Amino acid sequence: MNKLANKTYTYYFLLPAGIVYFVFFLLPTIMSLFFSMTWWTLTDWKFIGFENFVTFLTEPSLNIGFKNTLIYAVVTSGLKVIIGLLLGVFLSSKLKTVGFIRSMVFFPTLLSTIAVGIAFTMMMHPSQGIINIVLSGLGIVGPDWLGDTKIALLSVALVDVWKGIGMATVIFIAGIMSIPEDYYEALMMDGGNAWHKFKSIILPLSRPAMNTVIILSFIGGLRSFDLIWTMTKGGPGFSTDLIASIIYKQYQAGFFGLSTAGNVILFILVSALAFPLYAYLNKKEVDL
Amino acid sequence: MAKRKKIVSLLLSSALMAGVLAGCTSKEETSSGGSKSGVTEKITFLIDNQTQLDGIEAIIDEFEKKNNIKVEIETRPGGAEGDNIIKTRLATGDMTDLVWNNSGSQLQALNPEQNFVDLSKEPFMENIMEDYKDAVSANGKVFGVPGTPTNAGGWLYNKKVYEELGLTVPKTWDELMANNEKIKQAGKTAVIGTFKDTWTSQVIVLADNYNVLEENPTFAEDFTANKAKISTTPAALRSFEKLEEVFKKGYMNKEFLATGYDAGLKMLADGEGAHYPMITFALANLATTFPDKMQDIGIFGQPSDSAEKNGLTVWMPAGIFINKNSEHIDAAKKFLEFYVSQEGVTIYSSKIPPTGPFAIKGVELPDDVYPAVKDMIQYFDSGNNAPALEFLSPVKGPSLEQITTQVGSGISSAKEGAELYDKDVEKQAKQLGLEGW
Amino acid sequence: MSKAVLSNPNSTPIVNPKSRVKTGKKLWKLFVETFSVLATLGIFGIPFYFVIINAFKNSQESSLLNMDWPSSFHLIENMKEVISARDGMIIRAFFNSVMITGISIVLLIILGAAAGYVLQRKVTKATPFFNFLILAGLIIPPAVVPTIWVLQEIGLFKTMPGIVFVEVALNLPFTILLYRGFMVTIPKSLDEAALMDGCGRFRLFINIILPLLKPVSATVIVLTAVSVYNDFVNPLYFFPGAENATLQLTLYNFMSMYITKWNLLFTNVLLISIPPLILFIIFNKKIVAGMTAGSIK
């Protein structure tokens, strides 16, 4: 069979995807490794070794950027896993309104980030925004969501969760639905309750789904900046800067070599966190 | 080889031009009689979407009527994102024939000698004011014509509020602060802060340049040559301190971090706020939204610490530049010539009432200009004005607006902000490859 | 309440208590359903309401950016203005966006399915390398200017095929992951049977496997459509030019550094959200189906 398999499943099938991927993604990426070591004005370049990396790493706001990037990635992926799992369990039940709720939860995924960012920026206005108006109706004085440097990052992270939770939920629902019915039946035979059902069947068996959500949203969180860019532009000051937004600002300023170096550093950082995480999660999965 | 091709095409096109000029009558014929077969030349024009197009479009309409040339506008996003699009398109050889871009440091960042056509020998350039030419020059070559009237950065104020509270236009910074105190006591916003649009946070610092230059006349050159730093030049540091002081005294509206530019204009027009440190292009925006309030708005230059020195910091208007690789350079020049002619200016002003004097010699402003423009003109007539730093030096750090937001909201002190900005500037100067950095 | 659901079905039912439990359960269920619907409406509905209500207003009312009921309705006028803005840019943009999204999806399905199929079926020494490439594609942010350079060299810069290929390349890793995952649910014995029947390897893929991948293809369609359609950065760089506008760029018509026309902006948001909404209505039920089984990995 092995021989047959080798013939049947030929790598020719990979060729079209491989060519497109190489020409339009890998090749430019490899070129950018080179340009990260140049002083580059698009029309003109000069090889300067690692100077860009030094400049980037001594960027005054970089410390904030590193910290914020990690916080943002952990908070968004953490919340997406927890809320997504709970919603996933809830929405795989047989309630009548499940279809409606699922559509509502998924719909933000379809919207453009710019539109979502603009709407929430308005809703988070300290006095005229609907969120604080509702809170004051409950007797709570709402914070300045995007103006207070201590919470601005978390405010944007919450919007990110709002927009991305549909995707996480759908992945969880898929994971939970693929658990064969007989597992539940067996548990019922043994007199287990809903909590048991959750703990000993759903949680372990939706592991692959959870890993997908963790990996996708963690990588997404590390790389993300479009929402931050629409809502705070990294401000007030530099307080919500992410590594990706620092890179983008340098790119905008026309520091092409420097921003390319920043891209390489971000790539290294994400790889250094994501590959081990991926390997760890995969290993755990096999163990089960 | 390529060079020869260029020369040939240049010769050809100038021969063509000569032919057109020699036979004006025959040109008439081609445009009216043989319009179907006669080829209309088309030039493209890239403008950012922040610019009010009404005046430009009116000029184009008239130009198209008079010439067998069609001008097509293409818009791009504004701000830093737009600058990047320009850079990318220039670098990849995919630029329109005409380019609308800021003058000063933002022009220098585009490497004008390499990308734009030298206009210094064109007859129509004789009418352009020298100050403006300086802001669109590199190595003695001049590259652009002014696209809008000249702007100024200073303190827009509501004259009605001033009347009600019996205030007079301040001659010194201390007088301004005393005015602010009275306005605050009266329960109004003394200084409108709109830091949600971060660029607005820079105005107090940038509009202080007249005062900086009064103290240190060579600051711009020294700054460019890396001989003077902001944080160690007292007059320059003072600009940051003024911003800090406005915050510390609590003169700004409570929610200045969540308030945007639109809202700021509304506050000023309604008299809810008395002062708005701003650049005068805001007058055009005010005029569209609050036409009936224009009589209440005035402007004064940011005061210095001495009553003797009173001047206005000027913002040179954006320019129109011709792409060096354009295949329609002559048609493009023709358009620029028309644009800066008295006729062009008149058409422009009929659509957008001028928000300042034109940087073109011999062009008169109508008598019914806005009061704020009259305020401005006094500074121009007396000669008490100086360009903002970014029009005198190619050095401008990209993070200034974040840094001024920090200083203006108390996250960092004036001194810290100035130091941070010095570092930011150093990075930019190195990236530009300037000498001495 | 859950005890009742999971109680041992073999035990003899005692009629009365159980029916009481049942009504209690019904009430509880009703409460849960009502509460969850209200909460969803609050959390997910209000932002939509905000956008919609402001699209109805005139420019002065919308500039207040509140949630008050409009004093008069201007949706039709706003729509007219949005559609006619800049010589009907939105119509050209609609054509461009739909073409780019449509062609990208077709290519992604073909290339992604073929790659996912082989990568799941064939495990060799090269597999970790392919895994690395896929994960790298998810991780690495695209390099803008070198990509432009590549596009220019092959003459695709500023062209529809150019932007389509870039979108395909950027979305391939995730698509391959989905297909590879779903392949687990298709038994290998099926392939063997088909081969026995004299099916060639290409016919095996096209006639047997591809149709079986339909559920996951629905997922791919929705997810990549959303990502390509909502992308505004890449078209900005790789597909510039006045005729080449995409729908996301039309948002910029009303939003500027100085003055934003909120009512028109929100009307624009509303209009460009219609195509994804339609797509979603068509594929709503199938999104989950495509992800079920082994697909999540």
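Keep in mind it's a predicted model, so treat the numbers as computed, not measured. (Residues numbered from 1 in each chain as written. Chains lettered and ligands numbered in written order. Predicted model: local features only at pLDDT ≥ 70, side-chain atom pairs only at ≥ 80, totals over all residues.)

### Examining the overall build of chain B
Turning to step 1, where the next piece is worked out: The helix and strand tally for chain B stands at 20 helices and 13 strands.
Turning to step 2, where the next piece is worked out: Rg of the C-alpha trace for chain B: 23 Å, near the compact-globule value of 22 Å for 437 residues, within the 12% margin.
Turning to step 3, where the next piece is worked out: Expressed as a percentage of the 437 residues in chain B, the buried residues total 52%.
Turning to step 4, where the next piece is worked out: In chain B, the share of contacts with a sequence separation of at least 24, taken over all contacts with a separation of at least 6, comes to 80%. (Helix = DSSP H or I, 4+ residues; strand = E, 2+ residues; numbered from the N terminus. Rg over C-alpha atoms; globule rule 2.2 N^0.38 Å. Buried ≥ 20, exposed ≤ 12 C-beta atoms within 10 Å, placed from the backbone. Contact = placed C-beta atoms within 7 Å.)

### Some remarks on the interface of chain C and chain A
Turning to step 1, where the next piece is worked out: Taken together, the contacts link 69 residues of chain C with 72 residues of chain A.
Turning to step 2, where the next piece is worked out: Here the side of chain C that touches chain A is built from residues that sort into 47 nonpolar, 15 polar and 7 charged. (Nonpolar A, V, L, I, M, F, W, Y, C, P; charged D, E, K, R; others polar.)

### Things to note about the interface of chain C and chain B
Turning to step 1, where the next piece is worked out: The interface of chain C with chain B comprises 16 residues on the first partner and 16 residues on the second.
Turning to step 2, where the next piece is worked out: Examining the composition of the side of chain C that touches chain B, we find that 3 residues originate from one element, helix α6 (residues 144-153) of chain C, more than from any other.
Turning to step 3, where the next piece is worked out: Considering only residue class, the side of chain C that touches chain B consists of 10 nonpolar, 5 polar and 1 charged.

### Description of the sheet that holds strand β2 (residues 69-76) of chain B
Residues and elements named next belong to chain B.
Turning to step 1, where the next piece is worked out: Across the sheet, 5 strands lie side by side as β2-β1-β3-β12-β6; this open sheet has mixed pairing. Of all strands in the sheet, those with a lone pairing partner are β2 and β6 (144-146), marking the two edges. For this sheet, the mean inter-axis angle between neighbouring strands, taken without regard to orientation, is 25 degrees. (Pairing = 2+ DSSP bridges. Axes fitted to C-alpha atoms, helices over the stretch in contact; angles between N-to-C directions.)

### Structural notes on the pairing of strand β9 (residues 273-279) of chain B
Residue and element names in this part refer to chain B.
Turning to step 1, where the next piece is worked out: Within β9, 7 of the 7 residues are buried, which leaves the element mostly enclosed by the surrounding structure.
Turning to step 2, where the next piece is worked out: Pairing between strand β7 (residues 151-158) and β9: 5 bridges, direction antiparallel. Its bridge partner being in β9, Y157 is matched across the sheet by H275.
Turning to step 3, where the next piece is worked out: Here strand β8 (residues 189-191) runs beside β9; their pairing, made up of 2 bridges, is parallel. Its bridge partner lying in β9, V191 is registered against H275.

### Describing unusual backbone geometry
Turning to step 1, where the next piece is worked out: The backbone phi angle of K233(A) is positive, close to 55 degrees, even though this residue is not glycine.
Turning to step 2, where the next piece is worked out: Mapped onto the elements of the fold, K233(A) is located in the loop between α12 (226-231) and α13 (243-252).
Turning to step 3, where the next piece is worked out: You can call K233(A) buried: it has 21 C-beta atoms within 10 Å.
Turning to step 4, where the next piece is worked out: Backbone geometry at K158(C) places phi at a positive 70 degrees, although glycine is not the residue there.
Turning to step 5, where the next piece is worked out: By the element assignment, K158(C) lies in the loop between α6 and α7 (160-183).

### Here's the deal with helix α17 (residues 342-351) of chain B
Residues and elements named next belong to chain B.
Turning to step 1, where the next piece is worked out: Residues G344, V345, I347 and Y348 constitute the buried set of α17. End-on view of α17: buried residues confined to an arc of 160 degrees, all on one side of the axis.
Turning to step 2, where the next piece is worked out: On its buried side, α17 packs onto α3 (54-66) and α16 (329-339). (Arc of directions from axis to C-beta.)

### Structural notes on the domain arrangement of chain C
Residue and element names in this part refer to chain C.
Turning to step 1, where the next piece is worked out: On domain assignment, one finds that chain C holds domain 1 (2-55) and domain 2 (75-295).
Turning to step 2, where the next piece is worked out: Tallying the contact residues gives 4 residues for domain 1 and 8 residues for domain 2.
Turning to step 3, where the next piece is worked out: By residue class, the composition of the side of domain 1 that touches domain 2 is 3 nonpolar, 1 polar and no charged. (Domains from an automatic or database assignment.)

### Some words on the domain arrangement of chain B
Turning to step 1, where the next piece is worked out: What the domain assignment lists for chain B is domain 1 (40-149 + 317-351) and domain 2 (151-315 + 397-432).
Turning to step 2, where the next piece is worked out: The C-alpha centroid of domain 2 of chain B is placed 30 Å from the C-alpha centroid of domain 1 of chain B.

### So, the confidence of the model for chain B
Turning to step 1, where the next piece is worked out: Per-residue confidence for chain B gives a mean pLDDT of 86, with 91% of residues at or over 70.
Turning to step 2, where the next piece is worked out: Per-residue pLDDT stays below 50 along residues 1-37 of chain B; that stretch engages in 8 contacts with residues further than four places along the chain or on separate chains. (pLDDT = per-residue confidence, 0-100.)

### A word on α13(A)
Turning to step 1, where the next piece is worked out: Counting buried positions along α13(A) gives 9 out of 10 residues, so the element sits mostly inside the fold.
Turning to step 2, where the next piece is worked out: Where α13(A) ends, the next residue or the one after it, G254(A), has phi of about 90 degrees, a positive value.

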